[in-house]
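Chain by chain, the residues:
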Amino acid sequence: MSGQGGTEERDTFKEMMKEFEASFATELIPGILHNFANPLNGIMGRSRLLQRRATKNLENISEYVELNEEMLRDCKKIIDDVVLIANETDRLFNLFNDVAGKFYRLSDTTVRKINLSELIKTELAFFDFYLDFKHQVKKNILLDDGIPEVTGSPADYSIALSTLIRHAMNSMRDSEIKVLIVSTTSDATHVCVRIENTSVHSLNDDEKELIQNWDNFGKSYDETNVDRDLFNAVSLLKKYNVHFQCEEGAGFNVISARIPY
C-alpha cells in the first residue's frame, strides 16, 4: 500500500508542477519582474545621485582644505568606486530590461504594427543569456532600422523568430567555425528577414519542402522528417502570409522570410 501511495503522490506532484509551469512564463515571471523593477530603479537613481554628490563634495573640500597626496588618492578612489557601482547598476538594469522585454513580448498577443528590426535587436540581446551564443558564435547583425512595419502580434514574431535563430544555433553545434548573420531589408511590398549560419548540416528534403512550399506540404508534424521547432516556427507565421526560402552555398545555410506589409 505504501508503494502505491508513493506513486499516487508522485503523480499528483507532477500534475501540480505542470499547472505551476503552465502559469510560470505568462503570469508569475511578469509579476516577479514588476516587483524587482521598483527597487532596481531606486538603486539606479541613488547611485547616480551619490556619484554627483561625492564628486561635488570633493571639489568643495579641495577649495577650502589642502589635501595631502594620500587623502586626495583615497577621495578619488571613493569616487571611482561610486562610478563603478553606478555603471554596474546601469548594466544590471539593461540586463533586467532584456529579460523583462522578452516576457512582455511573449505575453503581448495584440495584433499591431511591428518594426522587425527593433524586435530582432531585442531578441538578440536576450540571446546573450545563452552562453553558447554569447561566447562561441561570431555574430554579424545587419538590421535596417528604417524598414516598414509589418502586421502581427509581438508574441508570434518573438517566439517564431527566436526559434529560427535558435535552430541556426543548434545546427552549428558540430561546426568548427560558428558564424551567425542576421539581416533585415525591404522592397516595395515585403520586409525580408535573413538568417545565415555556417552549419555543416544541411536541411533535409522534408524541411526544404516545408520551408519553400508550405501550401503544398499538407502534412502534420508526425508525418514528417522535420525538426519540430522549425515546423512550429514556419507554421506559426504562415497566417501572416510569410513566404520562406532556403539556400545553401559559400559555406552558409540560409533561411529567409518575406513578410508583406
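Refer to the structure above for everything that follows.
Residues numbered from 1 in each chain as written. Predicted model: local features only at pLDDT ≥ 70, side-chain atom pairs only at ≥ 80, totals over all residues. Heavy atoms only, no water.

Another aspect to go through is the environment of arginine 52. Within the secondary structure, arginine 52 sits in helix H1 (residues 2-64). Along the sequence, arginine 52 and arginine 173 sit 121 residues apart, while their C-alpha atoms lie 48 Å from each other. (Helix = DSSP H or I, 4+ residues; strand = E, 2+ residues; numbered from the N terminus.)

Turning our eyes to something else, we now look at the pairing of strand S5 (residues 190-197). With 7 of 8 residues buried, S5 is to be regarded as a mostly interior element. In the sheet, strand S4 (residues 179-186) pairs with S5 via 7 bridges, with the strands oriented antiparallel. Of the residues in S5, the one forming a bridge with threonine 184 is valine 193. In sequence, S4 turns back onto S5 through a hairpin of 3 residues. The pairing of S5 with strand S7 (residues 252-260) spans 8 bridges and is classified as antiparallel. Looking at the pairing, valine 193 lines up with alanine 257 of S7. (Buried < 20%, exposed > 50% of the residue type's maximum accessible area, 1.4 Å probe, protein only. Pairing = 2+ DSSP bridges.)

Take the nonpolar core next. One finds Leu116, Tyr157, Leu161, Leu180 and Phe244 to be the most contacted residues of the largest nonpolar core, which totals 41 residues. Residue assignment for this core shows that the elements contributing at least two residues are helix H3 (116-127), helix H5 (154-171), S4, S5, helix H6 (205-212), helix H7 (228-237), strand S6 (243-249) and S7. When near neighbours in sequence (up to four residues on either side) are disregarded, leucine 161 contacts Leu116, Leu119, Ile120, Val193 and Leu237. (Core = buried A, V, L, I, M, F, W, Y, C linked by side-chain atoms within 4.5 Å. Contact = heavy atoms within 4.5 Å.)

On to the side chain of aspartate 108, then. Tracing the sequence through the fold places aspartate 108 in the loop between helix H2 (69-107) and strand S1 (112-114). Given the relative accessible area of 15%, aspartate 108 is considered buried. Within the local environment of aspartate 108, its side chain forms a polar contact with the side chain of arginine 112, the two groups lying 2.7 Å apart. For aspartate 108, the contacting residues outside a window of four places in its chain are Ser153, Pro154 and Ala155. (Polar contact = N/O pair within 3.5 Å; in protein donor to acceptor, adjacent residues only side chain to side chain.)

Read these as layout, nothing more, since geometry by itself doesn't imply function.
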